[in-house]
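Results of the structural survey
Read off the chains here:
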Amino acid sequence: MAATPLTLNLGEGSVAFNFTAQAAQELKAALTGLLESLKAVAATTPGGRPNPQKSVEYRYTGDVFLEIFCNPNIWPTPFAAKVLVTLRDDRIRLTTETELTRLVEDVNQYLEQAA
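Residues numbered from 1 in each chain as written. Predicted model: local features only at pLDDT ≥ 70, side-chain atom pairs only at ≥ 80, totals over all residues. Heavy atoms only, no water.

The next subject is the pattern of salt bridges. Enumeration according to the criterion identifies 5 salt bridges in this entry. Across the pair Glu67 and Arg59 runs a salt bridge whose closest N-O atoms are separated by 2.8 Å. You can call Arg59 exposed: its relative accessible area is 51%. The salt bridge involving Arg91 is made with Asp89; its shortest N-O contact spans 3.4 Å. (Salt bridge = Lys/Arg side-chain N within 4 Å of Asp/Glu carboxyl O. Buried < 20%, exposed > 50% of the residue type's maximum accessible area, 1.4 Å probe, protein only.)

Rendered as structure tokens:
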């Protein structure tokens, strides 16, 4: 399956790299799981202790190495959540934080174009 560029819009700019539709589906599934964990944390009754949720870690190795990480226990809502994005190859390494909602939109847009 051919890789097409995925563009991730970051807080201060964007980055594009080759990505496959299958990897995008796997990333979307990981992000959906993260959203469910964040909703579980947000649904805790006031004064109650939320059940700790597992951190979400997604890794892709292709032309580049992509890692997405988020601890859902530190964000009050899915809309406030940020994810740590690491993108690297043999010449460069980029590590930054971006909004979860923006990342979800970028992956959905990629999948719509790949279909």
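The topology assignment puts Thr20 in the loop between β2 (13-19) and α1 (21-42). At 3.1 Å, the side chain of Thr20 and the backbone nitrogen of Ala23 are in polar contact. (Helix = DSSP H or I, 4+ residues; strand = E, 2+ residues; numbered from the N terminus. Polar contact = N/O pair within 3.5 Å; in protein donor to acceptor, adjacent residues only side chain to side chain.)

This part is about α1. Look at α1: 31 Å from first C-alpha to last across 22 residues, which is about the 32 Å you get at 1.5 Å a residue. Among the residues of α1, those classed as buried are Ala23, Ala24, Leu27, Leu31, Leu34, Ser37, Leu38 and Val41. The buried residues of α1 occupy one face: seen down the axis, they fall within an arc of 140°. Lining the buried residues of α1 we find β2, β3 (56-61), β4 (65-70), β5 (82-88) and α2 (100-114). (Expected span 1.5 Å × (residues − 1). Arc of directions from axis to C-beta. Contact = heavy atoms within 4.5 Å.)

Moving on: the environment of Leu8. Checked against the element boundaries, Leu8 lands in strand β1 (residues 4-10). Expressed as a C-alpha distance, the spacing of Leu8 and Arg102, which sit 94 residues apart in the sequence, is 8.2 Å. The contacts of Leu8, once residues within four sequence positions are left out, are Gly13, Ser14, Val15, Phe17, Val85, Leu103 and Asp106.

In this structure the tally under the stated criterion is 3 aromatic pairs. Between Phe19 and Tyr60, the ring centres sit 4.7 Å apart and the planes meet at 65°, which makes this aromatic pair edge-to-face. Residue Phe19 is found in strand β2, and its partner Tyr60 is found in strand β3; the two are separated by 41 residues along the sequence. Here Phe19 matches Tyr60 in class, with each residue buried. (Phe/Tyr/Trp six-rings, centres within 6.5 Å; stacked < 30°, edge-to-face > 60°.)

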